[in-house]
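# Chain and residue survey
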Amino acid sequence: MRTVILKINAKKPQISGIRRAASIIRRGNLVAFPTETVYGLGADALNAKAVKKIFVAKGRPADNPLIVHVSDKESVNDLAGDIPQLAEKLISRFWPGPLTIVLKKSKTVPKITTGGLDTVAIRMPKNKIAQALIREAGTPIAAPSANFFGRPSPTLAKHVLDDLDGRISAIIDGGQTRIGIESTVIDLTRKTPMLLRPGRVTLEELQSAIGRVDVHPILKGKKSALVHRSPGMKYKHYSPDAHVILIEGQSALVHKKILKLVQQFGKQGKKVGVITIRGDKYTKNTRRVRTDSEFAANLFKIFRECDSKKIDVILVQGIPRKGIGLGIMNRLSKAARTKIMA
Ligand code: TXA
Ligand code: MG
């Protein structure tokens, strides 16, 4: 299959390109498109055959459910069986935006879309291209991140092309995605809402909107039988080829530890990369970010750059688990083979 690239302006999407992409979706084929978080790999969420193609193209296990993307709040009524008041609160506060809400599913949604679960994850993205595509397609769009299974999520069209060229019909190139890590996922099908994946909409913001929110035990580093509630959690994720070492602790100690490890791996002839927040330039391959938002926006891109430079070891400075920091540390913990307390 030849993968077509459609360049579209993210601020003012050209309708001709959007229409072309929407018609591919309507015919039951796959289009990768930008959202405000990461690029998604889209198919008609209500067409089981089309959704099957997503799992094949990505090499994704069939029990890992997809997020259904909508272009208006009313669409939730068709997709969800039951809409609790808390959902309405979250929707009016955070949509369109990087928040995915898990609800009981209606019969409209095929089982393949939800990985066999009786719940459905729904999100209304803020990106203009994503919104226009869903609207023109006239159907909700199921879309996981548009990476090959196990690879870091794509934040540029080039990343999608690197992973999925020849495996999907089209990629909309709408530039770099703004947020850089995937949406926050919250489960509203339990008595107390539960955070399943932290992201740009923070735990603190969720709590201030709806009160008590439990945090999935796995996010706190505990083993849990609840893993079936969000099958994505059990899979290794976000990994570059390099050996990622996550170093946490007081910044002066982390700094010392990084210096020591840079020397140690250097002696072994290893190519070392460093990701640090307001840190030093430890090696030729050091990437310094200034803020948590900049960290999130560039993390997956830096991972991919390290792979293309054939870097052996990436030393990453940890950050406090508050605000978007919780989401960043979640992705880093999953990517890291080694974790060190300095
Ligand atoms: O920002 C995002 O959410 C991006 C963009 C494209 O919207 N999408 C994304 O999709 O990250 P994906 O498939 O890579 O991650 C979806 C996560 C997985 O961890 C999955 O297990 C969880 O959401 N999920 C989906 N449906 C679920 C459900 N019914 N119950 C619990 N978890 C669900
Ligand atoms: Mg993903």
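Preceding this paragraph is the structure being described.
Structural notes, computed from the coordinates.

About the thresholds
- Residues numbered from 1 in each chain as written.
- Chains lettered and ligands numbered in written order.
- Predicted model: local features only at pLDDT ≥ 70, side-chain atom pairs only at ≥ 80, totals over all residues.
- Heavy atoms only, no water.
- Pairing = 2+ DSSP bridges.
- Helix = DSSP H or I, 4+ residues; strand = E, 2+ residues; numbered from the N terminus.
- Axes fitted to C-alpha atoms, helices over the stretch in contact; angles between N-to-C directions.
- Contact = heavy atoms within 4.5 Å.
- Buried < 20%, exposed > 50% of the residue type's maximum accessible area, 1.4 Å probe, protein only.
- Parallel < 35°, antiparallel > 145°, perpendicular 65-115°, else oblique.
- Left-handed = near helix turned anticlockwise from the far one by under 90°.
- Nonpolar A, V, L, I, M, F, W, Y, C, P; charged D, E, K, R; others polar.

Strand order in the open sheet formed by 5 strands is β14-β13-β15-β12-β16, and the pairing between neighbours is parallel. With one partner strand each, in any of the chains shown, β14 (286–289) and β16 (338–341) form the two edges of the open sheet. For this sheet the average axis-to-axis angle between neighbouring strands, irrespective of direction, equals 15°. Relative to β14, strand β13 (residues 272–277) runs parallel, the two being bridged by 4 bridges. Bridge pairing in β14 links I275 to R287. The strands touched by helix α10 (residues 325–335) are β12 (243–248), β15 (313–317) and β16; relative to β12, the strand with the most contacts, the crossing angle is about 135°.

So, about the environment of I210. By secondary structure assignment, the location of I210 is in helix α7 (residues 203–210). The exposure class assigned to I210 is buried, which follows from its relative accessible area of 12%. Separated by 76 residues in sequence, I210 and I134 have C-alpha atoms that sit 28 Å apart. Apart from residues no more than four positions distant in its own chain, I210 is found in contact with L86, K89, L90, I186 and P193.

It is worth spelling out the packing of helix α4 (residues 85–94) against α7 at this point. With their axes 10 Å apart at the nearest point, α4 and α7 run at an angle of 125° to one another. When the interaxial angle is binned, α4 and α7 end up oblique. Of the two possible hands of crossing, α4 and α7 adopt the one that is right-handed. Judged by residue contacts, L86, K89, L90, R93 and F94 of α4 engage E205, L206, S208, A209 and I210 from α7. Class assignment of the residues belonging to the contact of α4 with α7 gives a composition of 6 nonpolar, 1 polar and 3 charged.

It is worth spelling out unusual backbone geometry at this point. The amide bond that connects W95 to the next residue, P96, takes the cis arrangement and shows omega of -10°. Residue placement: P96 occurs in the loop between α4 and β5 (99–104). Positive phi is not limited to glycine here, since R278 has a value of about 55°. By the secondary structure assignment, R278 is in the loop between β13 and β14.

Once that is clear, we can look at α10. In terms of residue burial, α10 counts as a mostly covered element, since 9 of its 11 residues are buried. Residues of α10 that are buried: G325, L326, G327, I328, M329, N330, R331, L332 and A335. If you follow the buried residues of α10, they end up packed against β10 (194–197), α7, β12, α9 (292–308) and β15.

Once that is clear, we can look at the packing of helix α1 (residues 15–26) against helix α5 (residues 128–137). Packed helices, taken two at a time, are described by the angle between their axes plus the distance between the axes. Packing of α1 against α5 leaves a shortest axis separation of 8 Å and a crossing angle of 55°. Taken as axis vectors, α1 and α5 run oblique relative to one another. Relative to α5, the crossing made by α1 is right-handed. Between α1, through I15, I18, R19, A21, A22, I25 and R26, and α5, the contact on the second element is made entirely by I129, A132, L133, E136 and A137. Split by residue class, the contact of α1 with α5 holds 9 nonpolar, no polar and 3 charged.

By themselves, these observations are geometric and do not establish any function.
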